[in-house]
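What the coordinates show
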Amino acid sequence: MNFTSELRDSYAEVTADGRLNMVAAPQLREFIGNLITDGSPRIVLNLEKTSFMDSSGLGALIGCLKAARQAGGDLRIAGVTPQVRMVLQLTSMDKVLAPYATVEEAFSND
Amino acid sequence: MTEVIASRSFRGTAAEDAIESVHNDLESLWLEVPFVQDIDQMTFTTAVIESASNVVQHAEPAGQAEVELGVDIVVCRTLLQARVSAFHAKPPFGPMEPGTPGKDAESGRGLALIQALVTTVNFERQDSTNTWVLSRTPPH
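Residues numbered from 1 in each chain as written. Chains lettered and ligands numbered in written order. Predicted model: local features only at pLDDT ≥ 70, side-chain atom pairs only at ≥ 80, totals over all residues. Heavy atoms only, no water.

**Things to note about the overall build of chain B**
Under the convention used in this document: Where helices and strands are cited, they refer to DSSP runs of H or I of at least four residues and of E of at least two residues respectively, numbered from the N terminus. Throughout, radius of gyration means the C-alpha value; the globule benchmark is 2.2 Å times the number of residues raised to the power 0.38. We call a residue buried when its accessible area falls under 20% of the maximum for its residue type, exposed when it is over 50%, and partly exposed in between, using a 1.4 Å probe and counting protein chains only. The contact definition used throughout considers only heavy atoms, calling two residues in contact when any of these lie within 4.5 Å. To measure how exposed things are, a 1.4 Å probe is used in the Shrake-Rupley method; for residues, cover is taken only from the protein chains shown. Neither His nor the chain ends is counted toward charge; the positive residues are Lys and Arg and the negative residues Asp and Glu. Charged side chains are reduced to one point each, which is NZ for Lys, CZ for Arg, CG for Asp and CD for Glu.
Looking only at helices and strands, one finds three helices and five strands in chain B. Each helix and strand of chain B, ordered N terminal to C terminal, gives the series β-α-α-β-β-α-β-β. In terms of overall dimensions, chain B is globule-like: its C-alpha atoms have a radius of gyration of 15 Å, near the 14 Å expected for 140 residues. Dimensions of chain B, computed from the C-alpha atoms along their principal axes, are close to 40 × 35 × 25 Å. Across the 140 residues of chain B, 44% fall into the buried class. Sequence separation of 24 or more characterises 65% of the internal contacts of chain B that already satisfy a separation of 6 or more. Counting every atom, chain B has about 7,200 Å² of accessible surface; 50% of that belongs to carbon and sulfur. For chain B, the distance from the average position of its 9 positive side-chain charges to the average position of its 19 negative side-chain charges is 5 Å.

**Topic: the overall build of chain A**
Counting secondary structure elements, chain A contains four helices and six strands. Listed N to C, the secondary structure of chain A is β-β-α-β-β-α-β-α-β-α in terms of helices and strands. Taken against the 2.2 N^0.38 rule, which gives 13 Å for 110 residues, the C-alpha radius of gyration of chain A at 12 Å falls within 12% of a compact globule. If one aligns the C-alpha atoms of chain A with their principal axes, the spans along those axes are about 30 × 30 × 20 Å. Counting every position in chain A, which comprises 110 residues, the buried fraction comes to 56%. The long-range fraction of contacts in chain A, counting pairs at least 24 apart against all pairs at least 6 apart in sequence, stands at 70%. With an accessible surface of roughly 4,800 Å², chain A has 45% of that area assigned to carbon and sulfur atoms. Each charge class in chain A was averaged separately, 10 positive and 13 negative side chains, and the resulting centres sit 6 Å apart.

**Concerning the interface of chain A and chain B**
Counted only if it meets this: Two parts placed together each lose some accessible area under a 1.4 Å probe, and the buried area is that loss summed for both. One speaks of a salt bridge when a side-chain nitrogen belonging to Lys or Arg is within 4 Å of a carboxyl oxygen belonging to Asp or Glu. Polar contacts here mean pairs of N or O atoms no more than 3.5 Å apart (in protein, one a potential hydrogen donor and the other a potential acceptor; neighbouring residues in sequence count only if both atoms are side-chain atoms). Here the term charged refers only to Asp, Glu, Lys and Arg, the term nonpolar to Ala, Val, Leu, Ile, Met, Phe, Trp, Tyr, Cys and Pro, and the term polar to all other amino acids, Gly among them.
The partner chain B presents 24 residues to the 23 residues of chain A that form the contact. Taking both sides of the interface into account, the surface hidden between chain A and chain B amounts to around 2,000 Å²; carbon and sulfur atoms contribute 62%. The interface formed by chain A and chain B includes four salt bridges. Measuring nitrogen to oxygen at the nearest pair gives 2.8 Å for the salt bridge that ties B:Glu106 to A:Lys66. Remark: the boundary between chain A and chain B carries nine residue pairs in polar contact (both at pLDDT 80 or more). Taken together, the elements giving at least two residues each to the side of chain A that touches chain B come down to β4 (50-53), α2 (55-70) and α3 (82-90) of chain A. Class assignment of the residues belonging to the side of chain A that touches chain B gives a composition of twelve nonpolar, seven polar and four charged.

**With respect to the pattern of salt bridges**
Taken as a whole, this structure holds 15 salt bridges over all chains when the rule is applied. Residue A:Asp74 pairs with A:Arg69 through a salt bridge whose shortest N-O separation is 3.0 Å. A relative accessible area of 45% places A:Arg69 in the partly exposed class. Salt-bridge contacts for B:Glu60 lead to B:Lys90; the nearest nitrogen and oxygen are separated by 3.5 Å. Placement of the pair is B:Glu60 in the loop between α2 (38-58) and β2 (68-76) and B:Lys90 in the loop between β3 (79-87) and α3 (110-117), with a sequence separation of 30 residues. Given the relative accessible area of 41%, B:Lys90 is considered partly exposed.

**Structural notes on the packing of aromatic side chains**
Residues and elements named next belong to chain B. Selection criterion: A pair of Phe, Tyr and Trp rings is counted when the ring centres sit within 6.5 Å of each other, with Trp represented by its six-membered ring. The angle between the planes then sorts it: under 30 degrees is stacked, over 60 is edge-to-face, the rest tilted. Counted as over-ring charges are cases with an Arg CZ or a Lys NZ within 6 Å of the ring centre that also lie within 35 degrees of the ring normal.
Using the criterion set out here, one finds four aromatic pairs over all chains in the structure. When the ring centre of Phe87 is taken as origin, the NZ or CZ atom of Arg11, which lies over that ring, is 3.5 Å away. The ring of Phe35 is capped by Arg77, whose NZ or CZ atom sits 4.1 Å from the centre of that ring.

Structure below.
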């Protein structure tokens, strides 16, 4: 899985390209942890190119969400694919990490 | 079981790269069986990867030999079945039934997810091999 980030006006956009499985989950934690450490705790995770997510990937999302909030920011997700949406819904985590349709919408009301 | 239309088998060291291999096997398998609906491909793939990941993450060797992961998948007209095995492994420890992790928990959702995705999950142990048999019966 590949991660890239780009700074926007009030947040950082992280794109995750590939399968968010037990291999990629710790990589995501490290990537987002570094962003937070570098002063960008407001993050939108763009999942348009995330073809797959399992419970390890979901655990990483929750860990990143907690880390962002502890740093005074937030982590939001956008552009989820059907498989990712299914995992979020089956675990009821869509109530904690509500997916936004687009990256731009994620922080539009803040 | 009815006639097997397509199948894949993987066996190798229970390590991270095994998960990518199994996932690649599944993607190539679906190309052979276009009658399997997208929703069934998606749910079954998720269950198999979740189960194989459990082996890689949690299986402990029973002796000197390293734990090996085996994944045998068959597609029949009315059944998707995977046998996910941990060879040379101790019996699984910890809960065999899904727990109810809190919303802040970063683990503990895998078993519940597997059970939600397939029709049946059965566990077998023979010699030093633990096998989870996942079956999904697609709706007609």
